[in-house]
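Listed below, chain by chain, are the residues.
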Amino acid sequence: MDTAAATSLVAINDRIARAHARFGAPPEAVELVAVSKTFPAEAIAPFLAAGQRVFGENRVQEAKDKWPGLRQLYPDVVLHLIGPLQTNKAREAVALFDVIETLDRDKLAGVLAAEMARAGRWLPCFVQVNIGLEEQKAGIAPAETAAFVARCRDVHGLDIAGLMCIPPDGVPPGPYFAHLATLARDAGVSGLSMGMSGDFEAGIAMGATHVRVGSALFGHRERV
Ligand SMILES: *Cc1c(COP(=O)(O)O)cnc(C)c1O
């Protein structure tokens with residue numbers, strides 16, 4: 001077994017457990033989504049060998065190149081799409097992924113619902129919220145979140161597991177995470193995917209059910 005992978009996995013899981021205990025969060029464990037984007041299959045294999053099963057990728061094509069082979073070895077892998085999804089890639093995304101975290105518009109909701117019906121695979125989805133209302137970021141506006149979640153469920157029949165956000169850079173993330181938690185309560189969803197390598201403890205403090213951790217596990221990336 002690759003000890004570096006096992007060691008960083010144990011360290012991150014330990015930090016998650018401590019944050020979870022410290023902030024008195026509800027008893028459900030926080031799910032670690034190991035973000036393996038940009039890293040090749042050979043770099044991911046040691047984490048699978050060390051027991052990690054939930055991974056995140058941000059590009060459909062990259063996931064298609066890397067994951068079918070790894071899945072043959074580890075059929076219980078759960079793969080989250082955490083990057084923007086074009087409607088023309090929805091069919092491939094539904095075939096490759098198990099959870100879609102970046103549902104952010106009606107057109108995509110409609111296309112995903114049609115593709116899921118076609119495939120007979122109803123994947124849980126997170127609605128991405130543009131929590132800092134940043135022009136360069138994807139996501140539904142905070143004020144539109146509850147209505148969008150309702151349309152996803154009632155009009156499109158999608159399984160909405162929760163909300164996801166990426167807070168603005170360079171400012172404390174806590175208030176944004178707290179806001180996302182409030183929006184989730186108002187929208188009637190329980191999942192909260194919030195927190196990355198630099199701020200996952202803050203996410204857990206505000207009630208994260210899923211944290212998406214890349215560089216703290218895999219090391220530095222050349223691109224985001
Ligand atoms: C890259 C990425 C992450 C992981 O970022 P790190 O800072 O490396 O932990 C998490 N979420 C999303 C949406 C990402 O694109």
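Residues numbered from 1 in each chain as written. Predicted model: local features only at pLDDT ≥ 70, side-chain atom pairs only at ≥ 80, totals over all residues. Heavy atoms only, no water.

Novice: Tell me about the site of the ligand, residues and numbers included.
Specialist: Close contacts around the ligand come from Val35, Lys37, Ile82, Met164, Ile166, Met196, Ser197, Arg212, Val213, Gly214, Ser215 and Arg221, and that covers them all. Ser197 is positioned with one of its side-chain polar atoms (N or O) 2.5 Å from an oxygen atom of the ligand. A distance of 2.9 Å is found between a nitrogen atom of the ligand and a side-chain nitrogen or oxygen belonging to Arg212. (Near = heavy atom within 4 Å. Polar contact = N/O pair within 3.5 Å; in protein donor to acceptor, adjacent residues only side chain to side chain.)

Novice: Give a detailed account of helix α6 (residues 145-154), specifying residues and quantitative values.
Specialist: Taken together, the buried positions of α6 are Thr145, Phe148, Val149 and Cys152. The buried side chains of α6 occupy one side of the element, clustering within an arc of 100 degrees when seen end-on. Elements in contact with the buried residues of α6: β4 (99-103), α5 (106-119), β5 (124-129), β6 (159-165) and α7 (174-187). (Buried < 20%, exposed > 50% of the residue type's maximum accessible area, 1.4 Å probe, protein only. Helix = DSSP H or I, 4+ residues; strand = E, 2+ residues; numbered from the N terminus. Arc of directions from axis to C-beta. Contact = heavy atoms within 4.5 Å.)

Novice: Let's hear about the pattern of salt bridges: which residues, and what values?
Specialist: One pass over the structure, following the stated rule, counts 13 salt bridges. As a salt-bridge pair, Lys66 and Glu62 come within 2.8 Å of each other at their nearest N and O atoms. With Lys66 and Glu62 both in helix α3 (residues 60-73) and 4 residues apart, this pair spans about one turn of that helix. Take Lys66 and Glu62: they sit in the same class, and that class is buried. Residues joined by salt bridges that share partners form a network here, namely Glu57, Glu62 and Lys66. (Salt bridge = Lys/Arg side-chain N within 4 Å of Asp/Glu carboxyl O.)

Novice: Talk me through the side chain of Glu101; I want residue IDs and the actual numbers.
Specialist: Following the sequence through the fold, Glu101 ends up in strand β4. Here Glu101 occupies a buried position and makes no salt bridge, while the nearest side chain of opposite charge, Arg212, is found at 4.3 Å. Among the polar contacts made by the side chain of Glu101, one reaches the side chain of His80 at a distance of 2.7 Å. Ignoring anything within four residues of it in the chain, the contact list for Glu101 reads Val33, His80, Leu81, Ile82, Phe126, Val127, Gln128, Met164, Ser193 and Arg212. (Lys, Arg positive; Asp, Glu negative; His and termini not counted.)

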